[in-house]
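Observations on the model geometry
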Amino acid sequence: MTGPESEEPQLRRAVCPGSFDPITNGHLDIIARASRLYDVVHVVVMINQSKQGLFTVDERIELIREVTAEYGNIQVEAYHGLLVDFCKQRDIPAIVKGLRAVSDFDYELQMAQMNNGLSGVETLFIPTSPTYSFLSSSLVKEVAQWGGDISHLVPGVVLEALKGRLGKS
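A quick note: this is a predicted structure, and the numbers were derived from the prediction, not measured.

Here we take up the pattern of salt bridges. Between side chains of opposite charge, pairing is possible as soon as their charged atoms come close. In the structure shown here, the tally under the stated rule is 10 salt bridges. Between D104 and R100 there is a salt bridge, with its nearest N and O atoms 3.1 Å apart. According to the relative accessible area criterion, R100 is partly exposed, its value standing at 37%.

Written as structure tokens, this is what we have:
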């Protein structure tokens, strides 16, 4: 059979990139919202060889898989290279990014324009929920290192992983 009735419907796909060291409730907020807009959301741990992470890439992937399992349409993997190459290789037309503040927008706009110019991939900006507008993985790690309560900032499994890694009880 040929024609429109024989074609499979095109899945709406997007990517949510980041270092996710570790994944926070702010990240999850953006991923959850993207999962309602797209059929498949690729959460990609971008590998930066020049940065030493608290968690290995494999540990981050496992944590992300665990905390996003309930969504049912999340694929998690790592990638080293240009995000637009990842998108081209998998025919993903959109990047979803969370914006916490105007300062994020300045940087992310430049990246979005570069990515679009390189590959035609579009970037969708989702404003972060006010609850998480200050939140970053770096801040979470710093507060956790000094024994501060971060239980409201990360999923339980991430909290336990942080305690284990930092030797906190």
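Now, onward.
Mapped onto the present numbering, the UniProt feature "binding site: substrate" (unreviewed entry) falls on S19, K51, L83 and K97. Position of L83 relative to the elements: it lies in helix α3 (residues 83–90). When its relative accessible area of 14% is taken as the criterion, L83 is described as buried. Apart from the residues within four sequence positions on either side, L83 is in contact with V15, P17, M46 and I95. With residues near it in sequence (within four places) discarded, K97 still touches P17, I30, E108, T123, L124, F125 and I126. Side-chain polar atoms of K97 contact the side chain of E108, separated by 3.4 Å.

Mapped onto the elements, K141 comes out in helix α5 (residues 137–145). Among all residues touching K141, those that are not within four sequence positions of it are D21, P22, L54, L162 and L166.

It is worth spelling out helix α2 (residues 57–68) at this point. Taking 1.5 Å as the rise per residue, α2 with 12 residues should run 16 Å; its terminal C-alpha atoms sit 16 Å apart, in good agreement. Within α2, the full set of buried residues consists of R60, I61, L63, I64, V67 and T68. Seen along its axis, α2 keeps its buried residues to an arc of 165°; they face one direction.

Generally speaking, a soluble globular protein has its nonpolar side chains buried in company with each other. Residues I23, V43, V96 and I150 are the most contacted members of the largest nonpolar core, which totals 33 residues. For this core, the secondary-structure elements that each account for two or more residues are β1 (13–18), α1 (25–37), β2 (40–46), α2, β3 (74–79), β4 (94–99), α5 and α6 (156–166). Setting aside residues no more than four positions away along its own chain, V96 makes contact with A14, V15, C16, P17, I30, A34, Y38, L124 and I126. One finds V15, Y79, L83 and I95 within the second-largest nonpolar core, a separate group that totals 10 residues.

Moving on to the sheet that holds strand β5 (residues 122–127). What the 5 strands build is an open sheet, ordered β3-β2-β1-β4-β5; its pairing is parallel. Both outer strands of the open sheet, β3 and β5, are each paired with one neighbouring strand and no more. Neighbour-to-neighbour, the strand axes of this sheet turn through a mean angle of 30°, independent of strand direction. With 6 bridges joining them, β2 and β3 adopt parallel strand pairing. Bridge pairing in β3 places V41 opposite I74. Strands in contact with α3 are β1, β2, β3 and β4; relative to β3, the strand with the most contacts, it is inclined by about 130°. On top of the sheet, helix α4 (residues 102–119) reaches β4 and β5; it is set at about 160° to β5, its chief contact.

About the cut-offs
- Residues numbered from 1 in each chain as written.
- Predicted model: local features only at pLDDT ≥ 70, side-chain atom pairs only at ≥ 80, totals over all residues.
- Heavy atoms only, no water.
- Salt bridge = Lys/Arg side-chain N within 4 Å of Asp/Glu carboxyl O.
- Buried < 20%, exposed > 50% of the residue type's maximum accessible area, 1.4 Å probe, protein only.
- UniProt positions renumbered as here; feature names shortened; annotations may be inferred.
- Helix = DSSP H or I, 4+ residues; strand = E, 2+ residues; numbered from the N terminus.
- Contact = heavy atoms within 4.5 Å.
- Polar contact = N/O pair within 3.5 Å; in protein donor to acceptor, adjacent residues only side chain to side chain.
- Expected span 1.5 Å × (residues − 1).
- Arc of directions from axis to C-beta.
- Core = buried A, V, L, I, M, F, W, Y, C linked by side-chain atoms within 4.5 Å.
- Pairing = 2+ DSSP bridges.
- Axes fitted to C-alpha atoms, helices over the stretch in contact; angles between N-to-C directions.

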